[in-house]
Amino acid sequence: MENFSVSSICCIGAGYVGGPTMAVIADRCPEIQVNVVDLNEERVAAWNDKNLQNLPVYEPGLDLVVSRARGKNLHFSTQVERCISNADMVFISVNTPTKTKGLGAGQASDLRWVEACARQVAKYAKGHTIVIEKSTLPVRTAEAIQKILKSAHRNPSSDKAQCSFSVLSNPEFLAEGTAINDLETPDRVLIGGEDQKAIEALAEIYRHWVPDEKILRTNLWSSELSKLTANAFLAQRISSINSISAFCEATGADIKEVARAIGSDSRIGPKFLAAGPGFGGSCFQKDILNLVYLCHHFGLPEVAEYWERVVMINNWQQHRIARLVVKKLFGTVTGKKIGILGFSFKADTNDTRESPAIRIAKDLLEEGSNLSIYDPKVEIEQITHELNLQREDDTNTKKETSLTGEGAWKYASNIKDVIKDADAVLILTEWQEFRSLDWESLAPLMRQPAWVFDSRGIVNTEQVKESGLNIWKIGDGSDQ
Ligand code: UDX
Ligand code: ADP
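Cut-offs used in this document
- Residues numbered from 1 in each chain as written.
- Chains lettered and ligands numbered in written order.
- Predicted model: local features only at pLDDT ≥ 70, side-chain atom pairs only at ≥ 80, totals over all residues.
- Heavy atoms only, no water.
- Axes fitted to C-alpha atoms, helices over the stretch in contact; angles between N-to-C directions.
- Helix = DSSP H or I, 4+ residues; strand = E, 2+ residues; numbered from the N terminus.
- Parallel < 35°, antiparallel > 145°, perpendicular 65-115°, else oblique.
- Left-handed = near helix turned anticlockwise from the far one by under 90°.
- Contact = heavy atoms within 4.5 Å.
- Nonpolar A, V, L, I, M, F, W, Y, C, P; charged D, E, K, R; others polar.
- Near = heavy atom within 4 Å.
- Polar contact = N/O pair within 3.5 Å; in protein donor to acceptor, adjacent residues only side chain to side chain.
- Areas by Shrake-Rupley, 256 points an atom, 1.4 Å probe, with all protein chains shown as cover.
- Domains from an automatic or database assignment.
- Buried area = accessible area lost by both parts, 1.4 Å probe.
- Salt bridge = Lys/Arg side-chain N within 4 Å of Asp/Glu carboxyl O.
- Buried < 20%, exposed > 50% of the residue type's maximum accessible area, 1.4 Å probe, protein only.
- Lys, Arg positive; Asp, Glu negative; His and termini not counted.

A.B. asks: Looking at this structure, I do not really get the packing of helix α12 (residues 301-328) against helix α13 (residues 356-366). What am I missing?
C.D. replies: A pair of packed helices is characterised by two quantities: the angle between their axes and the separation of those axes. Two numbers describe how α12 lies on α13: the axes approach to 9 Å, and their chain directions differ by 40°. Taken as axis vectors, α12 and α13 run oblique relative to one another. Our pair here, α12 against α13, has a crossing hand that is right-handed. Along the contact surface, α12 presents N315, Q318, H319, I321, A322, V325 and V326, while α13 presents P356, R359, I360, D363 and L364. A class-by-class count of the residues in the contact of α12 with α13 yields seven nonpolar, three polar and two charged.

Have a look at this one:
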């Protein structure tokens, strides 16, 4: 079988997935020109910023990879048309959020951006082009992409007679915060497709740094479904451990001990067993809801219900934490200052999409509290966007000590500002700097009796207690 050689790649979408993935491909394959295109000019400018601290995605190690390849064989631009027509291989790496209205609203993925990409590829591609689904897509999306690409031949006035396409699915399994490591040493690379030559052309790219035995070849539909299933299984593990965390608190067990005990069983394994405020991020909820929608579509309501429960437990865990803060603070937080430490959906990322902090903060605001929010990487504008509420310092009214029942929030640029005069501090993200706080010196700054709510189980309980503060820790039933 003669190999199809790839010398130019175009990736449509310079987001969390497209940017880092293409940076690693360019870094590992110096003979291939990699063009990442996006409609968003600001984002493209940020990828091209001389100061690597200004890249639009914060990922440990990304700056080094970008600095090695950018300007040589890695290029970011808005020239969608030109880059598609020069490419042997086009990756589709655009956003696929949950639909907010119409058929399947709240569950199905909104595929308008994917479809738009397929149409752009159909219009501008030349010669034989391998089109790769990189974004997480519902099962059988490749069918729609294939149909759109095929229609490119049918326009008699175009010169598309010479043009042909192969569609592959190559889902990304990178997690934010460890994206570069996940890309450089993946557990596996999955390639789904029918055209063996196209599959091998893509495998050849990965073989620059991934051993062949880690490159799995499947049919298109298995590949698409594997991505949804992997995320559903991971999310299910978190809902499972979180449901048991509540049980631990009620019975005197300790979730860390339980997690260690079950994780030592090699069939279960120790990873992904940290109880917390619920999963966030752009993938888990979206992908499960999509799976639920597809199960209904394919006449499997029991399967749909089973997976929907994973999301329901996740929502419940978030409300549960907000409720217990209120309960411990004598049943009311109206007019009280509550410090929030961490707003990103997990440590080592500035991403706030579906962060549990959003729902918990909203619940506490609804109860009338004054929130002071600090996160080492999340900007004030991002929190404003997520909470969709005016900041307290945006208004002329001073609500700090008011008992009007209306909540308000403020952005804090350091931990001391969060803690000063607070009745409680709530840790929502497991940032390293929150693990070793000096409670001895922080405690006197708070209004007594004061509480520490540790939803990530990261603080030293004894130290907090010794400093005279009350503590609630996720899944710790030792006070029972
Ligand atoms: C996830 C998948 O891990 C990745 O393979 C896929 O490609 C995209 O979705 P990501 O969303 O970046 O990656 O983050 P992940 O590390 O999986 O964490 C998701 C959420 O689960 C976070 O909110 C995290 O705090 C939470 N989590 C994770 C826990 O609460 N406990 C754990 O033990 C692990
Ligand atoms: P992900 O997390 O999957 O990478 P993001 O939302 O971070 O998703 O990024 C997707 C990017 O795709 C956005 O920057 C968006 O502007 C871009 N995009 C969407 N549709 C198109 C298109 N038709 N052409 C070029 N870029 C697009």
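A.B. asks: What's the story with the site of ligand 1 in this structure? I'm lost.
C.D. replies: Every one of the 19 residues lining ligand 1 counts as a neighbour, but F173, E176, A274, K346 and R456 are closest to it. The backbone of L273 places a nitrogen or oxygen atom 3.3 Å from an oxygen atom of ligand 1. Within the side chain of R456, one N or O atom sits 2.8 Å away from an oxygen atom of ligand 1. Protein burial of ligand 1: of its 660 Å² of free accessible surface, 90% is covered by the chains. With four residues, helix α9 (residues 220-251) is the largest single contributor of residues to the shell around ligand 1. Looking at the shell around ligand 1 residue by residue, the classes come out as 12 nonpolar, two polar and five charged. Summarising the domain contributions, the shell around ligand 1 has at least three residues from each of domain 1 (8-218) and domain 2 (226-480).

A.B. asks: Is there a simple way to explain the domain arrangement of the protein chain in this structure?
C.D. replies: Interface size is often expressed as the accessible area that is lost when the parts come together. For the protein chain, the assigned domains read domain 1 (8-218) and domain 2 (226-480). Each of domain 1 and domain 2 has a C-alpha centre, and these two points are 34 Å apart. At the junction of the two partners, domain 1 supplies 25 residues and domain 2 supplies 21 residues. Summing both partners gives a buried area of about 1,900 Å² for domain 1 against domain 2, and 55% of it is carried by carbon and sulfur. In terms of surface lost to domain 2, no three residues of domain 1 exceed Y58, Q107 and E176, which account for 36% of the buried area on that side. Its salt-bridge partner being R353, residue E176 comes within 3.6 Å of it at the nearest N-O pair. Viewed at the interface, domain 2 and domain 1 are joined by eight residue pairs in polar contact (both at pLDDT 80 or more). A per-class count over the side of domain 1 that touches domain 2 returns 14 nonpolar, eight polar and three charged.

A.B. asks: Would you mind going over the side chain of K286 with me for this structure?
C.D. replies: Tracing the backbone through its elements, the reader meets K286 in helix α11 (residues 284-297). No salt bridge is formed by the buried K286; its nearest oppositely charged neighbour, D287, is found at 4.3 Å. When near neighbours in sequence (up to four residues on either side) are disregarded, K286 contacts T96, P97, T98 and Q107.

A.B. asks: Would you explain the environment of L442 in this entry?
C.D. replies: Within the secondary structure layout, L442 lies in helix α16 (residues 439-442). For L442, a relative accessible area of 7% gives the class buried. Taking the C-alpha atoms as reference, L442 lies 8.1 Å from K420; in sequence the two are 22 residues apart.

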